[in-house]
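Now for the letters of each chain:
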Amino acid sequence: MTINITLPDGTVKQFPKGTSSYQVALSISEGLARNVLAAEVNGEVWDASRSINEDASLKLLTWNDEKGKSTFWHSSAHLMAEALEALYPGTKFGIGPSIETGFYYDVDFGDRAFSSDDFKAIENKMLELAKTKSEYVRKEISKNDAIAYFKEKGDEYKLDLLDGLTDGQITFYSQGNFTDLCRGPHIPNTGFIKAVKLMSVAGAYWKGDEKNKQLTRLYAVTFPKQSELTDYLTLLEEAKKRDHRKLGKELELFAFSEKVGMGLPLWLPKGAALRERLVQFLQKAQIKSGYEPVITPHIGHKNLYVTSGHYDKYGADSFQPIKTPQEGEEFFLKPMNCPHHCEIYKTKPRSYKDLPVRFAEFGTVYRYEQSGELHGLTRVRGFTQDDAHLFCRPDQVKDEFKKVIDLVLYVFGALGFENYTAQISLRDPENKSKYIGSDENWSLAEQAIIEAAAEKGLNTVVELGEAAFYGPKLDFMVKDALGRKWQLGTIQVDYNLPERFELEYTGSDNQKHRPVMIHRAPFGSLERFVAVLIEHCAGNFPLWLSPDQYIILPISEKYADYAKSISDSLNNYDIRGLIDNRDEKIGKKIRDAEIKKIPFMLIVGEKEQEEGKVSVRKHGEGDLGSMTIESFTEIMQKEIKI
Ligand SMILES: [Zn+2]
Ligand SMILES: [Zn+2]
């Protein structure tokens, strides 16, 4: 008996029934087979050693595939558990999944005290066990036998997990002396794991429920090469230096106050100046693209959000209503700007000739996030979206998408994000009924987005079934200077709100029609964008954005007047900066200016004053020599232009 295996490039190869993915890899090349971690068989990730008994599509997974990596890390969690059991007999195990980077295992050490001092011993044990190249052996088992195994072992967590398994095959995986309840898949053997690092330890309630026992969560990461671990740790060090929370404090950009409330950022003068410049930059570009600024209040009547559906979505789990002296009257902090903009659309009758209309607002919205979820400026409870809503005819969707893509790329370009991809999220074609809006409109919009992205030359991935129930969308992911991915801009079609708000326009046929609504935000939110920008440029903002573009450092107070005359002259050209008139040594003044990441330092002393010049130092580059104020002004103006 032979079966047909279809490879990703479309070639079909024949193999005997029962062939494993590993054997398929071996038939291609030995080198490939050595690197195969697992395989996707008909879309499902399997152990590379598992027999394939029918025709299948096959994708071999290596370290370079996300799914290969996560299989590697999840398998490493088993290895860590094996090490823990060997070192600390009687340890009980909860769950051990892979995460974005690495994996964790939730364990119960009983009465044993545990700290990061134990990390080294665990790492060493894991490496020792990895060297035995123990295979991960899959075994199908009956539920009764599985229960008997963990009863005997005395692991109530695994018994609890088994209790929740009502259907499907139960499988055990064993490697070395360790057996775990697991669906798999896993890498072929522990020998693939060459580098191990335990990262941190935290408390975690069993099943995330604080009524349950608190277990110890051990985070770790592993790699197939020692050098990859070294690179990863270097990257982490660099990321720590660029952490926007740290730089935000050092550069005096923003702060948080418990008194004001957690997750509610306070923009300090320098941060506010930077943010304001971003706003003006985008506003200027938007006005050129036909947007009309609007302003709406920070709260809205409950009825507004009942109509929009946000009341159901955010009501109980978010900030609670604001009551007024009027019996029964309730207002909500606005979680989204869209409902307000729908009401603006409705202020007058619209004709097909009026469309599209584009309302833009830097609108501040409030959403309650769990305190544990808050993180610097990236997860906050109040934030300002660079929001806009476009109302257009179905035949205008593609053009509007193209214009928004242009705007997003203009923003990315001006801010130095050169590496980005776009994800197009479409309907699940198998399940069209769960989406609102007509099939015809959906097809039209999906086609429009795909074409717009292609015509703009975007590097896209298409994800089926990832659309919101109310419309397809296009999301931009940028890669920062450290190669980390961030989701920023988004463009989203919406058939839901126009329906709920009964928005209309009069068509050329004199009939009423529903406009299509498009939500879009190139930055996403100003808070998140500034956070990403800080980490991307390590606080060295493009000159046009820098809160202070230069600092004048007089060698002594004798040159204070000369310094002032320079700053007055630069002021005339809208070049902004500071004078460091402190009674400090020039070396110290330079060091402090470097820490503040001020792009240019102008040193003035006797010689400079006599010649009417300044000695210029550029941050991160060093001495540019002495020059006239005019030459310096020219350099600045050239660099500020965007
Ligand atoms: Zn597993
Ligand atoms: Zn919106």
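This text gives an overview of the structure that appears in the document. (Residues numbered from 1 in each chain as written. Chains lettered and ligands numbered in written order. Predicted model: local features only at pLDDT ≥ 70, side-chain atom pairs only at ≥ 80, totals over all residues. Heavy atoms only, no water.)

**With respect to the side chain of T506**
Inclusion rule: In DSSP terms, a helix is any run of H or I states spanning at least four residues, a strand is any run of E spanning at least two, and both are numbered starting from the N terminus. Classification of residues uses two cut-offs on accessible area relative to the type maximum, computed with a 1.4 Å probe and protein chains only: under 20% is buried, over 50% is exposed, and between them is partly exposed. Counted as a polar contact is a pair of N or O atoms within 3.5 Å, where, for protein atoms, one must be capable of donating a hydrogen and the other of accepting one, and residues adjacent in sequence contribute only when both atoms are in side chains. Residues are treated as being in contact if the distance between any of their heavy atoms lies within 4.5 Å.
Here T506 shows up in strand β27 (residues 505-506). Classification of T506 by relative accessible area gives buried; the value is 18%. Of note is the side chain of T506, whose polar atom sits 3.4 Å from the side chain of K512. The contact partners of T506, leaving out residues within four places of it in the chain, are R350, S351, Y352, Q511 and K512.

**A look at helix α12 (residues 338-345)**
Buried residues dominate α12, accounting for six of its eight residues. Buried within α12 we find C338, P339, H340, H341, C342 and Y345.

**Observations concerning the sheet that holds strand β22 (residues 382-392)**
For clarity, the threshold we go by: At least two DSSP bridges between two strands are needed for those strands to be called paired. Note on definitions: angles span 0 to 180 degrees between N-to-C directions of axes, and those axes are lines fitted to C-alpha atoms, for helices only across the stretch in contact.
With mixed pairing, the eight strands of this open sheet are ordered in space as β17-β21-β22-β29-β26-β25-β23-β24. The sheet is open, and its two borders are formed by β17 (292-293) and β24 (460-464), each paired with just one other strand. Looking at chain direction, strand β23 (residues 420-426) and β24 are connected through five bridges and run parallel. Paired with I424 across the two strands is V462, which belongs to β24. Sitting on the sheet, helix α9 (residues 269-288) is in contact with β17, β21 (357-366), β22 and β29 (516-521), with an inclination near 160° to β21.

**Brief notes about the environment of V41**
Within the element layout of this structure, V41 appears in strand β4 (residues 38-41). The buried category is assigned to V41, whose relative accessible area is 4%. Taking C-alpha positions, V41 is 38 Å from R520, a pair spaced 479 residues apart along the chain.

**Re the coordination of the zinc ion (ligand 1)**
Here is the rule we go by: The rule for donors is simple: N, O or S, within 2.8 Å of the metal, or within 3.2 Å if the metal is Na, K or Ca. Water isn't counted, so a site may look like it is missing partners. Key to geometry: four donors with every angle between 85 and 135 degrees are tetrahedral; four donors are square planar and six octahedral where opposite donors lie over 155 degrees apart and all remaining angles lie between 65 and 115; all other sites are irregular.
Those donors, H74 (NE2), H78 (NE2), C182 (SG) and H186 (NE2), are the protein atoms that reach the zinc ion (ligand 1), and they lie 1.9 to 2.1 Å from it. Taken together, the four donor atoms coordinating the zinc ion (ligand 1) span angles of 90 to 126° at the metal, a pattern that classifies the geometry as tetrahedral.

**Description of the pairing of strand β12 (residues 178-181)**
Burial along β12 is two-sided: the face carrying F178 and D180 and the face carrying T179 and L181 are both buried. In this structure, strand β11 (residues 170-175) lies alongside β12, joined through four bridges in antiparallel fashion. Note that in β12 the partner of Q175 across the bridge is F178. Between the antiparallel neighbours β11 and β12 lie two residues, among them G176 with a positive phi of about 55°.

**Examining the layout of surface pockets**
Cut-off, in case you're wondering: A cavity here means a set of 1 Å grid points, computed over protein atoms only, where a 1.4 Å probe fits but cannot escape. A pocket is an open set with protein on both sides within 12 Å along at least 5 of 7 lines, and lining residues have an atom within 4 Å of a point. Grid points are joined across faces, edges and corners, and a volume is the space filled by probe spheres set on the points. Each residue gets one label: Ala, Val, Leu, Ile, Met, Phe, Trp, Tyr, Cys and Pro are nonpolar, Asp, Glu, Lys and Arg are charged, and the others, such as Gly, are polar.
Estimated volume of the largest pocket: approximately 1800 Å³. Lining the largest pocket we find 39 residues, and of these E100, T101, Y232, L236 and R484 sit closest to its centre. Where the lining of the largest pocket is concerned, the elements lending two or more residues are α3 (66-87), β13 (195-205), β14 (214-223), α7 (226-242), α8 (244-250), β26 (485-494) and α16 (526-537). Per-element accounting of the lining of the largest pocket gives the leading share, nine residues, to α7. Among the residues making up the lining of the largest pocket, the classes are represented as 14 nonpolar, eight polar and 17 charged. Volume-wise, the second largest pocket comes out at about 1000 Å³. Residue lining of the second largest pocket: 37 residues in total, with Y314, M336, R367, Q385 and T490 positioned closest to the centre. For the lining of the second largest pocket, the secondary structure elements donating two or more residues are α11 (310-314), β22, β25 (473-479), β26, α15 (496-500), β29 and α16. It is β26 that provides the largest number of residues to the lining of the second largest pocket, a total of five residues. Looking at the lining of the second largest pocket, its residues break down into twelve nonpolar, 13 polar and twelve charged.

**Quick notes on the pairing of strand β33 (residues 613-618)**
With four bridges joining them, strand β32 (residues 600-604) and β33 adopt antiparallel strand pairing. Bridge pairing in β33 links F600 to K618. Sheet topology places β33 next to strand β34 (residues 622-628); six bridges connect them, and they run antiparallel. Residue pairing for β34: V616 is matched across the bridge by G625. Adjacent in sequence and paired antiparallel, β33 and β34 are bridged by three residues, among which G620 carries a positive phi angle near 80°.

**What to know about unusual backbone geometry**
The step from G184 to P185 runs through a cis peptide bond, and the omega angle for that step is 0°. Tracing the sequence through the fold places P185 in the loop between β12 and β13. L355 connects to P356 through a cis peptide bond whose omega is 0°. When you line up the elements, P356 lands in the loop between α12 and β21. Its identity is not glycine, yet N510 carries a phi of approximately 70°, on the positive side.

**Here's the deal with the pattern of salt bridges**
Using the following cut-off: Only one rule defines a salt bridge in this text: a Lys or Arg side-chain nitrogen within 4 Å of an Asp or Glu carboxyl oxygen.
Summed over all chains, the structure comprises 46 salt bridges. R427 is the salt-bridge partner of E446, the closest N and O atoms lying 3.7 Å from each other. Here the residue E446 occupies a position in helix α14 (residues 439-455), and R427 occupies one in the loop between β23 and α14, the gap between them amounting to 19 residues. In this structure E446 comes out as buried when scored by relative accessible area, which is 12%. The salt bridge involving K588 is made with D592; its shortest N-O contact spans 3.2 Å. Of this pair, K588 and D592 both sit in helix α18 (residues 586-595), four residues apart, which is roughly one turn of that helix. Judged by its relative accessible area of 31%, K588 is partly exposed. Here the salt bridges share partners, and the residues they tie into one network are K398, K402, E451 and E455.

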